[in-house]
Amino acid sequence: MAPDGAPGLRAAQDSVAALYRRTALFRVYASRVLPGMVQTPEYTTAVLRSIQHARVEVDDVADAVEARLERQGMLFSGRHRFGLLIEEWVLRAAVCDPETMAAQLGHLLAASSSPFVSVGVIPTGAARPHLPVEDFYMFDEAEVAVELTSGYLRITQPREIADYVRTFTDLASMAVHGAEARQLITAAIATLG
């Protein structure tokens, strides 16, 4: 909550902290922006500022960025594993200035070297047995958070979670990993100037 009692972006970040701590396997599909757990502070600020302008009256972006960044230590703790699937066009989406984006993609490359993080990139132009879908975050098989234009949808019904598990598996089959994924990330950096 903001000082005046209105809900802000920090409250949204804090509301998922316990869920993040207890999750062993994160699976994320990103079709619009890079996953929060691998965002730099500057990229996170650009993304959250856009959300704040569109639907939150309170300006607590700096506090929300701080909360999101606190969770990033999980990437290297060894207690959690991360499977990240990113559409190639997200690597080239202009959600921030070119310098910030180049630093962000460099950070993604560094995160991909962690033994606890798997980064897959779905190449633009790849054969698509599965259409792109909305961004989603899977927390083990206990919950799925879906990012919608109007906010977040929390899915807890086992049948619906199973649908997202299948979707993630289908999308992962289209992705390149390892050196091929790093090559696409590096190529996106090269276009920034």
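Reference entry: report on the structure contained in this document. (Residues numbered from 1 in each chain as written. Predicted model: local features only at pLDDT ≥ 70, side-chain atom pairs only at ≥ 80, totals over all residues. Heavy atoms only, no water.)

1. Thoughts on the overall build of the chain
Right, on to step 1. Within the chain, the secondary structure is distributed over seven helices and six strands.
Right, on to step 2. Listed by position from the N terminus, the elements making up the chain come as α-α-β-α-α-β-α-β-β-β-β-α-α.
Right, on to step 3. Counting every position in the chain, which comprises 193 residues, the buried fraction comes to 48%.
Right, on to step 4. Carbon together with sulfur atoms contributes 56% to the accessible area of the chain, which is approximately 9500 Å² in total. (Helix = DSSP H or I, 4+ residues; strand = E, 2+ residues; numbered from the N terminus. Buried < 20%, exposed > 50% of the residue type's maximum accessible area, 1.4 Å probe, protein only. Areas by Shrake-Rupley, 256 points an atom, 1.4 Å probe, with all protein chains shown as cover.)

2. Comments concerning helix α7 (residues 178–190)
Right, on to step 1. End to end, α7 covers 18 Å across 13 residues, agreeing with the expected 18 Å (1.5 Å per residue, within 8%).
Right, on to step 2. Within α7 the residues assigned to the buried category are Ala181, Leu184, Ile185 and Ala188. Buried residues of α7, seen end-on, are gathered within an arc of 95 degrees and therefore sit on one face of the element. Facing away from the buried side of α7 by more than 90 degrees, the exposed set consists of Ala179, Glu180, Gln183 and Ala190.
Right, on to step 3. Taken together, the buried residues of α7 touch α5 (98–112) and β3 (117–122). (Expected span 1.5 Å × (residues − 1). Arc of directions from axis to C-beta. Contact = heavy atoms within 4.5 Å.)

3. Section: the pattern of salt bridges
Right, on to step 1. Per the stated rule, a full pass over the model turns up seven salt bridges.
Right, on to step 2. Ionic pairing is found between Arg92 and Glu88, a salt bridge with its closest N-O pair at 3.6 Å.
Right, on to step 3. Between Asp163 and Arg159 there is a salt bridge, and its shortest N-O distance comes to 4.0 Å. Separated by four residues within a single helix, Asp163 and Arg159 lie in helix α6 (residues 158–172), roughly one turn from each other.
Right, on to step 4. By sharing partners, the salt bridges in this structure join Arg159, Asp163 and Arg166 into a single network. (Salt bridge = Lys/Arg side-chain N within 4 Å of Asp/Glu carboxyl O.)

4. Quick notes on the environment of Thr169
Right, on to step 1. The topology assignment puts Thr169 in helix α6.
Right, on to step 2. Assessed through its relative accessible area of 49%, Thr169 is described here as partly exposed.
Right, on to step 3. Through-space distance from the C-alpha of Thr169 to that of Arg27 is 10.0 Å; in sequence the pair is 142 residues apart.

5. Thoughts on the environment of Ala102
Right, on to step 1. Note that Ala102 resides in helix α5.
Right, on to step 2. Between the C-alpha atoms of Ala102 and Thr186, which are 84 residues apart in sequence, the distance is 9.3 Å.

6. Side note on the packing of aromatic side chains
Right, on to step 1. According to the stated counting rule, one finds six aromatic pairs in the structure shown.
Right, on to step 2. An angle of 40 degrees between the planes, with centres 5.3 Å apart, marks the rings of Tyr20 and Phe26 as tilted. The exposure classification of Tyr20 matches that of Phe26, with both residues buried.
Right, on to step 3. Plain terms: the ring middles of Phe26 and Phe139 are 5.8 Å apart, the flat faces sit at 75 degrees to each other, and that makes the pair edge-to-face. Of this pair, Phe26 sits in strand β1 (residues 25–30) while Phe139 sits in strand β4 (residues 136–139); the two residues are 113 residues apart in sequence, bridging distant segments of the chain. Considered together, Phe26 and Phe139 belong to a single accessibility category, that of buried residues.
Right, on to step 4. Every member of this aromatic cluster is reached through a ring pair, and the members are Tyr20, Phe26, Phe82 and Phe139. (Phe/Tyr/Trp six-rings, centres within 6.5 Å; stacked < 30°, edge-to-face > 60°.)

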